[in-house]
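Descriptive structure summary
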Amino acid sequence: MRYTYLTVDFLILVVPLLYTWHPRIRYDRRFPALALSVAVVSPCYLAWDALVTRRGEWSFNPRYVTGVDLFGLPVEEVLFFVVVPYSCLFIYESLPRFHGNRAVKLPPAWFVAAAVVLGLLAVLSSSGGYTWKALASCAAFLACGSLIKPGFVAGTRYWLWLAICYIPFLVFNSVLTMLPVVEYNAAAILGPRVGTIPVEDFLYNYSLLSFYGLFYALFEDRREAPRFGP
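Residues numbered from 1 in each chain as written. Predicted model: local features only at pLDDT ≥ 70, side-chain atom pairs only at ≥ 80, totals over all residues. Heavy atoms only, no water.

It is worth spelling out the environment of Pro85 at this point. Mapped onto the fold, Pro85 is located in helix H3 (residues 75-94). When the C-alpha positions of Pro85 and Phe211 are compared, they lie 9.9 Å apart, and in sequence the two are 126 residues distant. Aside from chain neighbours lying at most four places away, what touches Pro85 is Tyr27, Leu34, Val38, Phe80, Phe90 and Tyr212. (Helix = DSSP H or I, 4+ residues; strand = E, 2+ residues; numbered from the N terminus. Contact = heavy atoms within 4.5 Å.)

Structure representation (structure tokens):
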């Protein structure tokens, strides 16, 4: 039982890892952008994770983890912030082989307006610890994405990628919340769930994956930009 969360991490990773060196994908060539994206985003979410765990907003059932801690978190939770970007950005990198990237016909101001609305909802939801943080993280992404790389947020590749990533999210997060491996403080969430998954997890997942994708795309752009001179 104590290897349950470790098994989930392995299952998230195994298929993308097996196809990393496939000749049509060659994901290994994207490792620099992947590593930089993880280096920027994962520490922020690990700090969030460690803080709310210490505050008691959520906790990890000792029956389903090995008992090895790192940064005040189960080592399985720390690994989560490596295997998830590895696997989800593998999907992002694979999409152009099967799907183009057309712009969504929405003005950039719409994404900024969505960020403002989510920010206001976060303020109004300040009594629920996880709720307001999840809303604020989505607002932060939409604001950053619209300003830093609007073509990323407005691309069909981004939205299709998210839609695909929510399929394994539903599977694996259902396992984590059904057993439960992760337990939530009722005072920190609104209460509604999709199956056993708190609605806040959908917002958290959106901002987490979106930030990984945004920085991955930025670093890939820099890597592929033409260089002049010696």
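Under the counting rule described, the total for this entry stands at 29 aromatic pairs. An angle of 50° between the planes, with centres 6.0 Å apart, marks the rings of Phe31 and Tyr86 as tilted. With Phe31 in helix H2 (residues 31-55) and Tyr86 in helix H3, this pair connects stretches of sequence that are 55 residues apart. A relative accessible area of 29% means that Phe31 is categorised as partly exposed. A residue is classified by how much of its surface remains accessible, and Tyr86, at 11% relative accessible area, is buried. Ring geometry for Tyr166 and Phe202: centres 6.1 Å apart, planes at 5°, overall stacked. Separated by 36 residues along the polypeptide, Tyr166 in helix H7 (residues 156-178) and Phe202 in helix H8 (residues 199-224) bring together distant segments of the chain. Residue classification places Tyr166 among the buried residues on the basis of a relative accessible area of 18%. Residue classification places Phe202 among the buried positions, given a relative accessible area of 19%. In textbook terms, an aromatic cluster arises when at least three aromatic residues are bridged by ring pairs, as seen for Tyr92, Phe111, Phe141, Phe152, Tyr158, Trp159, Trp161, Tyr206, Phe211 and Tyr216. The ring of Tyr92 is capped by Arg157, whose NZ or CZ atom sits 3.8 Å from the centre of that ring. (Phe/Tyr/Trp six-rings, centres within 6.5 Å; stacked < 30°, edge-to-face > 60°. Buried < 20%, exposed > 50% of the residue type's maximum accessible area, 1.4 Å probe, protein only. Lys NZ or Arg CZ within 6 Å of the ring centre and 35° of its normal.)

So, on to helix H1 (residues 4-18). The terminal C-alpha atoms of H1 lie 21 Å apart, and with 15 residues this matches the ideal 21 Å at 1.5 Å per residue to within 8%. Within the span of H1, buried status applies to Thr4, Tyr5, Val8, Asp9, Ile12 and Pro16. Close packing links the buried residues of H1 with strand S1 (58-60), H3 and H7. (Expected span 1.5 Å × (residues − 1).)

This part takes up H3. Here H3 is 20 residues long and its end C-alpha atoms lie 29 Å apart, about the 28 Å a rise of 1.5 Å per residue gives. Of all the bends in H3, the greatest reaches close to 25° and is centred on Phe81; the proline Pro85 follows between one and four positions later. The element H3 is largely enclosed, with a buried count of 16 among its 20 residues. (Bend = angle between axes of the 7 residues up to and from the residue.)

One can describe the packing of H3 onto H7 by two numbers: an axis separation of 10 Å at closest approach and a directional angle of 135°. One finds that H3 runs oblique with respect to H7. Between H3 and H7 lies a crossing of right-handed hand. Taking contact as the criterion, the partners of Cys88, Leu89, Ile91, Tyr92 and Glu93 in H3 are, on H7, Arg157, Trp161, Ile164 and Cys165. In terms of residue class, the contact of H3 with H7 is built from 7 nonpolar, no polar and 2 charged. (Axes fitted to C-alpha atoms, helices over the stretch in contact; angles between N-to-C directions. Parallel < 35°, antiparallel > 145°, perpendicular 65-115°, else oblique. Left-handed = near helix turned anticlockwise from the far one by under 90°. Nonpolar A, V, L, I, M, F, W, Y, C, P; charged D, E, K, R; others polar.)

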